[in-house]
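Descriptive structure summary
Below are the chains, spelled out letter by letter.
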Amino acid sequence: MKTNDSFIAGRLKSVKYAVAGAIKLITTEHSIMVQFSIGILMTIAGFYFQISTTEWLFQILAIGLVLSIEGLNTAIEKIADFIHPDYHNKIGFIKDIAAGAVFFAAISAIIIGLLIYLPKI
């Protein structure tokens, strides 16, 4: 019984840290603020246009993907800046790759949005 208590307590602690991290991202990082705002606008649009359950699934997945990749990009940038505060070619290369991942996610989300909303407009 004690193992389950510590397992559950550990999971609850993990959720607490995850929520705190999400709040830090949304309140301190401008790129996340923009992406989060777009996600809210798209959610409002989903209710306005009464999108289908399948369309909601794709939209939620797209929003989550962009926010997740943007969060990972931010973490990579923070680690890179901590390790090497001055400009360095290899650090710049790593940061560019992380930004490229965000670009792929954002383009995918835009395409999903166009497929959902263009026929409704």
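Treat the numbers as computed from the prediction; the structure is a model and nothing was measured. (Residues numbered from 1 in each chain as written. Predicted model: local features only at pLDDT ≥ 70, side-chain atom pairs only at ≥ 80, totals over all residues. Heavy atoms only, no water.)

1. Some thoughts on the packing of helix 2 (residues 30-48) against helix 3 (residues 53-83)
For any two helices packed against each other, the geometry is given by the interaxial angle and the distance between the axes. Contact pair helix 2 / helix 3: the axes reach a minimum separation of 10 Å and the direction vectors enclose 175°. Between helix 2 and helix 3, the interaxial angle falls into the category roughly antiparallel. Residues Ser31, Ile32, Gln35, Phe36, Gly39, Met42, Thr43, Gly46 and Phe47 of helix 2 lie in contact with helix 3, whose contacting residues are Trp56, Gln59, Ile63, Val66, Leu67, Glu70, Gly71 and Thr74. Here the contact of helix 2 with helix 3 is built from residues that sort into eight nonpolar, eight polar and one charged. (Axes fitted to C-alpha atoms, helices over the stretch in contact; angles between N-to-C directions. Helix = DSSP H or I, 4+ residues; strand = E, 2+ residues; numbered from the N terminus. Parallel < 35°, antiparallel > 145°, perpendicular 65-115°, else oblique. Contact = heavy atoms within 4.5 Å. Nonpolar A, V, L, I, M, F, W, Y, C, P; charged D, E, K, R; others polar.)

2. As for the pattern of salt bridges
Evaluated as defined, the whole model comprises three salt bridges. Between Lys120 and Glu55 there is a salt bridge whose closest N-O contact spans 3.2 Å. Here Glu55 lies in helix 3 and Lys120 lies in the segment after helix 4 (89-117), a separation of 65 residues in the sequence. Ionic pairing is found between Asp81 and Lys95, a salt bridge with its closest N-O pair at 2.7 Å. Here Asp81 is found in helix 3, whereas its partner Lys95 is found in helix 4, with 14 residues between them in sequence. (Salt bridge = Lys/Arg side-chain N within 4 Å of Asp/Glu carboxyl O.)

3. Some remarks on unusual backbone geometry
Look at Gln50: it is not a glycine, yet its phi comes out positive at around 50°. Mapped onto the secondary structure, Gln50 falls in the loop between helix 2 and helix 3.

4. A word on the packing of helix 3 against helix 4
One can describe the packing of helix 3 onto helix 4 by two numbers: an axis separation of 9 Å at closest approach and a directional angle of 165°. The angle between the axes of helix 3 and helix 4 places the two elements in the roughly antiparallel class. Here the hand of the crossing between helix 3 and helix 4 comes out left-handed. Tallied by class, the residues present in the contact of helix 3 with helix 4 amount to 19 nonpolar, two polar and five charged. (Left-handed = near helix turned anticlockwise from the far one by under 90°.)

5. Concerning the UniProt feature "transmembrane region" (unreviewed entry) in the protein chain
Residues given the UniProt feature "transmembrane region" (unreviewed entry) here are residues 32-51, 57-76 and 97-118. Within the segment residues 32-51, helix and strand shares are 85% and 0% respectively, and the terminal C-alpha atoms sit 25 Å apart. Annotation note: span residues 97-118, helix share 95%, strand share 0%, distance between end C-alpha atoms 31 Å. (UniProt positions renumbered as here; feature names shortened; annotations may be inferred.)

6. Observations regarding the packing of aromatic side chains
Evaluated as defined, the whole model comprises four aromatic pairs. When the ring of Tyr48 is compared with that of Phe49, the centres are 4.9 Å apart and the planes differ by 90°; the resulting orientation is edge-to-face. Judged by its relative accessible area of 65%, Tyr48 is exposed. Seen in terms of ring centroids, Phe103 and Phe104 are 6.3 Å apart; in terms of plane orientation they differ by 55°. Their pairing is tilted. Assessed through its relative accessible area of 61%, Phe104 is described here as exposed. (Phe/Tyr/Trp six-rings, centres within 6.5 Å; stacked < 30°, edge-to-face > 60°. Buried < 20%, exposed > 50% of the residue type's maximum accessible area, 1.4 Å probe, protein only.)

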